[in-house]
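# Structural overview
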Amino acid sequence: MPLRTIVGACALAACVIAAPVAAAPFDESKYPPFAGQWFRIGPLQVFDATKPKGRGQEAPLTPEYQAIYEANLADQATGGFGDDPVYRCIPEGMPRAMTLVLPMEIVVTGNTTYLLMEYLSMIRRIYTDGRDFPTDQEPSWMGYSIGKWIDEDGDGRYDVLEVETRNLKNPRTFEPSGIPMHRDAQTVIKERLYLDKTNPDKLYDEITTYDHALTRPWTVVRAMRRGHNPMWIESICAEGNVHVKIGNETYMLNGDNLLMPVKKGQQPPDLSLFKQAK
Amino acid sequence: MRLQSLAIWASLVSVAAIGDARGHHSFAMFDTEHPIELTGTVKEFRFVNPHSILILQVKGANGEVTEWVLEGGAPAMLVRAGMTAKSLKVGDEIIIMVNPLHSGAPGGSYQPDRAKFKDGTPVAVPRE
């Protein structure tokens, strides 16, 4: 074989090896009709929509984290925020984001399913292309999600999207009363998303949270209803937030952007770094 | 007309969940156990995220005017509850139920279904 031919064959082989694997064409008929707008079913301010808020959630906290939660409740009883970070426009993160304060859009593609949340413009990417968790990814509030489509009834169409989420970032709480998550941020969340068997306009998310603040995995099932005339409204939290944290205290801004106390007898912030006029 | 307005007002109060202002964060700073009714004049209505801000001038018994800062739902919640950036304009006189700050400072939270104009017409008109 002439040298030129050998070089050409090698170059062609290198091209074939280096080329990305072509994605299989996306066949929508194999996927359940998740796509569209979904609204929360149930009240705000709870993680488990079937139980009352606050202590009524019966979060299975370890004694150490139950004590942290009690401190949060005590602070909120006087007008504070406890450990709830969202008032500072920090995104809810996972799993709290799935309580859907505002509606969410689901977009299904062959390699990734996107959950686009109107509230705080949070985005989840659930990779369904067979990849593994990366080892060099920075943690994030929404975490890194890997999903797998399951055809449970064997009819040739997927029914369930199983998702595992890792690599999360703090601070996060389960809900606004401040049910805490462990400071180690080693949370793992497993979900099963599926449609109601008799009502394709109802979606369930079975969420199981594994967190060292808990004595056992905590499972809740969130239900959502489909929106038939989708309307989307921008939600940029930094636009007009009137809640301010200075030191360990929170204050509220009045109409002239001056600080107002939120607790009875609350002291003004420490101004010792300002040179006072004599 | 008056009776109709009252009926609309009552029905809106009964579906308070539609216009729930909470959600962004804990609303523990506001005293939900002791709501108060304010009658005042709109100085400013900021239709902004994460929560709308209504600044209301309220005249006290001694004639002194106090400026109240009221935090309500995000635009995304208000629009779905029937309230837009144009629902309130400077100078409008309204009656509104408010959960006041625990601190006693003139601030509080409001819900769109608990606000009405002086003639009883509700401020929020839920979308069909």
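Structure shown above.
Residues numbered from 1 in each chain as written. Chains lettered and ligands numbered in written order. Predicted model: local features only at pLDDT ≥ 70, side-chain atom pairs only at ≥ 80, totals over all residues. Heavy atoms only, no water.

Here we come to the overall build of chain B. Of the regular secondary structure elements, chain B holds 2 helices and 5 strands. Walking chain B from its N terminus toward its C terminus, one meets helices and strands in the order α-β-β-β-α-β-β. When burial is assessed residue by residue, chain B has 56% of its 128 residues classed as buried. Within chain B, residue pairs in contact and separated by at least 24 positions form 66% of the contacts whose partners lie at least 6 positions apart. When the accessible area of chain B is evaluated, it comes to approximately 5700 Å², of which 56% is carbon and sulfur surface. (Helix = DSSP H or I, 4+ residues; strand = E, 2+ residues; numbered from the N terminus. Buried < 20%, exposed > 50% of the residue type's maximum accessible area, 1.4 Å probe, protein only. Contact = heavy atoms within 4.5 Å. Areas by Shrake-Rupley, 256 points an atom, 1.4 Å probe, with all protein chains shown as cover.)

All names here are of chain A. Bridge analysis of strand β7 (residues 188–195) against strand β8 (residues 202–210) gives 8 bridges, and the strand direction is antiparallel. Looking at the pairing, Val188 lines up with Tyr210 of β8. Relative to strand β9 (residues 218–227), β8 runs antiparallel, the two being bridged by 8 bridges. Looking across to β9, one finds that Asp205 is bridged to Arg222. (Pairing = 2+ DSSP bridges.)

Our focus in this paragraph is the interface of chain A and chain B. In many analyses, interface size is given as the accessible surface area lost on bringing the parts together. In this assembly, 45 residues from chain A lie in contact with 33 residues from chain B. Summed over both partners, the interface of chain A with chain B comes to about 2800 Å²; 61% of that surface belongs to carbon and sulfur atoms. Remark: the boundary between chain A and chain B carries 1 salt bridge. A salt bridge links Glu118 of chain A to Arg80 of chain B, with the nearest nitrogen and oxygen atoms 2.7 Å apart. The tally of links between chain A and chain B comes to 9 residue pairs in polar contact (both at pLDDT 80 or more). When the residues that make up the side of chain A that touches chain B are grouped by side-chain class, the tally is 24 nonpolar, 12 polar and 9 charged. (Buried area = accessible area lost by both parts, 1.4 Å probe. Salt bridge = Lys/Arg side-chain N within 4 Å of Asp/Glu carboxyl O. Polar contact = N/O pair within 3.5 Å; in protein donor to acceptor, adjacent residues only side chain to side chain. Nonpolar A, V, L, I, M, F, W, Y, C, P; charged D, E, K, R; others polar.)

With that settled, the discussion passes to the packing of aromatic side chains. All names here are of chain A. The final tally for this structure, using the stated rule, is 14 aromatic pairs over all chains. A cation over a ring is seen here: Arg131 above Tyr127, with NZ or CZ 3.8 Å from the ring centre. Sitting above the plane of the Phe133 ring, Arg166 keeps its charged end 5.7 Å from the centroid. (Phe/Tyr/Trp six-rings, centres within 6.5 Å; stacked < 30°, edge-to-face > 60°. Lys NZ or Arg CZ within 6 Å of the ring centre and 35° of its normal.)

Coordinates in, geometry out; function isn't part of it.
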